[in-house]
Amino acid sequence: MRVFMTGGTGFIAAWLIRRLLARGAEVRVLDIASDSGAVRNILGDLAARVEWRVGDVRDGTLVHSAAEGCDRAIAMAGILTPACRADPVRGAEINLIGTLNVFEAALRQRMVRVVYASSAGVFGPDSGSTPFPTTHYGAFKLACEGSARAYWADHSMPSVGFRPYIVYGPGRGEAGASAGPTLACRAAVQGLPYEIDYVGPSGLVYVDDVAAAFEAALMSTSSGAHVFTLAGRTVTIDEVIAEITRQVPGAKIGSRGQPMPIAPELAPDDIASLLPGLPETRLAEGIAATLAYYRNQDIKA
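Residues numbered from 1 in each chain as written. Predicted model: local features only at pLDDT ≥ 70, side-chain atom pairs only at ≥ 80, totals over all residues. Heavy atoms only, no water.

As recorded by an unreviewed UniProt entry, the protein chain carries the name Nucleoside-diphosphate-sugar epimerase and is attributed to Bosea robiniae.

Structure (structure tokens):
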């Protein structure tokens, strides 16, 4: 199995690559970055088993060339809400056009299927069942979902998209409110104060649970264009802080700002009918694993 992936230096992607390599897959990554902390810390020596190509996902010709010889594709490249707000045109070029370039390459290479990253950001603050984004980021992700359905209708290209809510776990390091729970764990281990940049309830899902869903979708033999929500468990930010301080007594963790621009409770879907048996890591276990990771990083440093 030869897998082509865009955005492979990211946090979720690094965990997914670990799973694919353990399965014996050959992985080729196209990313505008040649290295990242996630690659170094999550993959370690395994990174040498990946074929890395540096390039911009907005360049369709480059994407097609990088995908040659692969039989499955994963579209992970993207920029988050703050970057899309700052430059919506660039956000559309990367998040939407970049994903379309992957679908086009999959068609040209006669690939088996495409798996892609959507987002819970397709939902607005008022409904967790009807997509109605209030951010450029969410709008671009919703457009990707519609295009995936069009690729099935027009070309019979099977696909599965996922809408993760707030993904936390070892190795997440980029800025942005959704990174808050992970960065709070890192700060707690380092004995530093930290304020998470949102308040209220939201869905938290552990990173390896997300990676497992992507892996299962890639191996699925389903037809059609599917999209599923990966919301994990809905918890308040106060519950997250309480769990961190329970495991790290004396941790100085707080919160500030506004609620996430997404409904806290997202409607359940039929993911188990297509992808049964996916893992569901409890908050206490996920926090413990994240804290352990950063303790180990401090020891290495």
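**Details of the sheet that holds strand β10 (residues 225-230)**
Across the sheet, seven strands lie side by side as β3-β2-β1-β4-β5-β6-β10; this open sheet has parallel pairing. The two strands at the open ends of the sheet, each matched to only one other strand, are β3 (51-54) and β10. On average, adjacent strands in this sheet sit at an angle of 15° to one another, irrespective of strand direction. Both strand β2 (residues 26-31) and β3 contribute to a ladder of four bridges, which runs parallel. When the bridges of β3 are listed, V29 appears paired with W52. Packed onto the sheet, helix α5 (residues 88-108) meets β1 (2-6), β4 (72-75), β5 (113-117) and β6 (159-164) and runs at close to 170° relative to β5. (Pairing = 2+ DSSP bridges. Helix = DSSP H or I, 4+ residues; strand = E, 2+ residues; numbered from the N terminus. Axes fitted to C-alpha atoms, helices over the stretch in contact; angles between N-to-C directions. Contact = heavy atoms within 4.5 Å.)

**Side note on the pattern of salt bridges**
If you walk through the whole model with that rule in mind, you get 15 salt bridges. Between E215 and R19 there is a salt bridge; the shortest N-O distance is 2.8 Å. Remark: R19 occurs in helix α1 (residues 11-22) and E215 occurs in helix α8 (residues 207-219); sequence separation between them is 196 residues. On the basis of relative accessibility, which here comes to 24%, the residue R19 falls in the partly exposed class. For E239, the salt bridge goes to R233, with nearest N and O atoms at 3.4 Å. (Salt bridge = Lys/Arg side-chain N within 4 Å of Asp/Glu carboxyl O. Buried < 20%, exposed > 50% of the residue type's maximum accessible area, 1.4 Å probe, protein only.)

**Points about the side chain of D209**
Checked against the element boundaries, D209 lands in helix α8. Among buried charged residues, D209 stands out as having no salt bridge; its nearest opposite-charge side chain is R19, 6.3 Å away. The residues contacting D209, other than those within four sequence positions of it, are P279, E280 and T281. (Lys, Arg positive; Asp, Glu negative; His and termini not counted.)

**Here we look at the environment of P170**
Tracing the backbone through its elements, the reader meets P170 in the loop between β7 (166-168) and α7 (180-190). With 155 residues separating them along the chain, P170 and W15 place their C-alpha atoms 9.3 Å apart. Not counting residues up to four positions away in its chain, the partners in contact with P170 are F11, W15, I42, Y206, V207, A289, T290, Y293 and Y294.

**Focus: the nonpolar core**
M5, L20, I74, F162, F214 and I253 are the most contacted members of the largest nonpolar core, which totals 71 residues. Per-element accounting of this core gives the leading share, nine residues, to α1. If we ignore the near neighbours within four places in the chain, the residues touching I74 are V3, F4, M5, T6, L16, L20, V115, F214 and L218. Counting 28 residues, the second-largest nonpolar core is a separate cluster that includes A66, A92, I94 and A148. (Core = buried A, V, L, I, M, F, W, Y, C linked by side-chain atoms within 4.5 Å.)

**Focus on the packing of aromatic side chains**
Summed over the entire model, instances satisfying the criterion amount to six aromatic pairs. For the pair F162 and F214, a centre-to-centre distance of 4.9 Å together with 50° between the ring planes defines the contact as tilted. Within this pair, whereas F162 is found in strand β6, its partner F214 is found in helix α8, the two being separated by 52 residues in sequence. Judged by relative accessible area, which is 0%, F162 ranks as buried. These aromatic residues form a ring-pair network of at least three members: F103, Y116 and Y151. (Phe/Tyr/Trp six-rings, centres within 6.5 Å; stacked < 30°, edge-to-face > 60°.)

**Things to note about the environment of E104**
Inspection of the secondary structure assignment puts E104 in helix α5. Taking C-alpha positions, E104 is 7.7 Å from H64, a pair spaced 40 residues apart along the chain. Contact partners of E104, with chain neighbours within four places excluded, come to H64 and Y151.

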